[in-house]
Amino acid sequence: MSGKPRLTYINGRGRMEPVRWLLAAAGVEFEENFVETKEQLEKLIKDGDLLFQQVPMVEIDGMKMVQTRAILNYIAGKYNLYGKDLKERALIDMYVEGLADLNELISSNFFQPADKKEEHLATVMDKAATRYFPVYEKVLKGHGQDFLVGNKLSRADVQLLEIILLVEESKPDILAKFPLLQSFKAKTSNIPNIKKFLQPGSQRKQPIQEKDIPRLMQIFH
């Protein structure tokens, strides 16, 4: 077994994508084990590898970690992306949880009826522009620094950039009224480890397509 973290999940974004982003931002190389059949998933469960019988799973430091938030917390702490004290960590957690809520709203669009998808997506984009992104714009304006917490890159910055790019896939002008987020996006996208992750051929995943849904349903249901 190599010293690299090993990520077990589907070959798609889903709940593992924030983990990929965080490892990449930390400059950590990782291996991937893609779950492509129901039989693979059942074997992982039978072997006792999945504590709650579900992926994602990350093998790191001798552990087989499950539950996305626990995985992200560990990686952030291990690679110094989690603030310098408890108060900074609390701020990072609040900002990250807001981003997780927005991410869940976006992901839920896949499971809307075909005739409701457009309306649902428009509602989600409106919430991004009126409920979520104004918070991060205000934070950056409030302290006048480049990063959300402690004037230092943290998991909150990494996940904010991930979500900005995700939202822009559906609404390219979403940041039109957020000049500080525009600047934030430009600066964080050029941090060397992140810039590398954003290049074609990296382990960053493409959006899951409608045609992929039946195959995924076969694996997980």
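Residues numbered from 1 in each chain as written. Predicted model: local features only at pLDDT ≥ 70, side-chain atom pairs only at ≥ 80, totals over all residues. Heavy atoms only, no water.

### Details of the sheet that holds strand β3 (residues 57-60)
The pairing of strands in a sheet happens through backbone hydrogen bonds and is either parallel or antiparallel.
Step number 1: If you trace the four strands from one edge of the open sheet to the other, you get β2-β1-β3-β4, paired in mixed fashion. Looking at which strands have only one partner, the edges of the open sheet turn out to be β2 (31-34) and β4 (63-66). Neighbour-to-neighbour, the strand axes of this sheet turn through a mean angle of 20 degrees, independent of strand direction.
Step number 2: Of the strand pairs in this sheet, strand β1 (residues 6-9) and β2 are connected by four bridges, and their pairing is parallel. The partner of Y9 across the bridge, within β2, is F34. (Pairing = 2+ DSSP bridges. Helix = DSSP H or I, 4+ residues; strand = E, 2+ residues; numbered from the N terminus. Axes fitted to C-alpha atoms, helices over the stretch in contact; angles between N-to-C directions.)

### Quick notes on the UniProt feature "domain: GST C-terminal" (unreviewed entry) in the protein chain
Step number 1: The UniProt record marks residues 85-208 with the feature "domain: GST C-terminal" (unreviewed entry), using the residue numbering of this structure.
Step number 2: Its end C-alpha atoms 37 Å apart, residues 85-208 is made of 66% helix and 0% strand. (UniProt positions renumbered as here; feature names shortened; annotations may be inferred.)

### A closer look at helix α7 (residues 179-189)
Step number 1: Taken together, the buried positions of α7 are occupied by L181, F184, T188 and S189. Buried residues of α7, viewed axially, fall in a sector of 115 degrees; they line one side.
Step number 2: In this structure, the buried residues of α7 make contact with α5 (117-143), α6 (155-170) and α8 (192-197). (Buried < 20%, exposed > 50% of the residue type's maximum accessible area, 1.4 Å probe, protein only. Arc of directions from axis to C-beta. Contact = heavy atoms within 4.5 Å.)

### A closer look at the UniProt feature "domain: GST N-terminal" (unreviewed entry) in the protein chain
Step number 1: The positions UniProt marks with the feature "domain: GST N-terminal" (unreviewed entry) are residues 3-83.
Step number 2: Across residues 3-83 one finds 36% helix and 20% strand; the C-alpha atoms that close the span lie 25 Å apart.

### Structural notes on the pairing of β3
Step number 1: Here β3 shows two buried faces, one formed by M57 and E59 and the other by V58 and I60.
Step number 2: Sheet analysis places β3 next to β4, joined by four bridges and oriented antiparallel. Residue pairing in the sheet places V58 in a bridge with M65 of β4.

### Details of the side chain of T8
Step number 1: Checked against the element boundaries, T8 lands in strand β1.
Step number 2: What makes T8 buried here is its relative accessible area of 0%.
Step number 3: Here the side chain of T8 touches N33 through a polar contact of 3.3 Å, side chain to side chain.
Step number 4: The residues touching T8, leaving out its near neighbours within four places in the chain, are M16, N33, V35, L44, V55, P56, M57 and E59. (Polar contact = N/O pair within 3.5 Å; in protein donor to acceptor, adjacent residues only side chain to side chain.)

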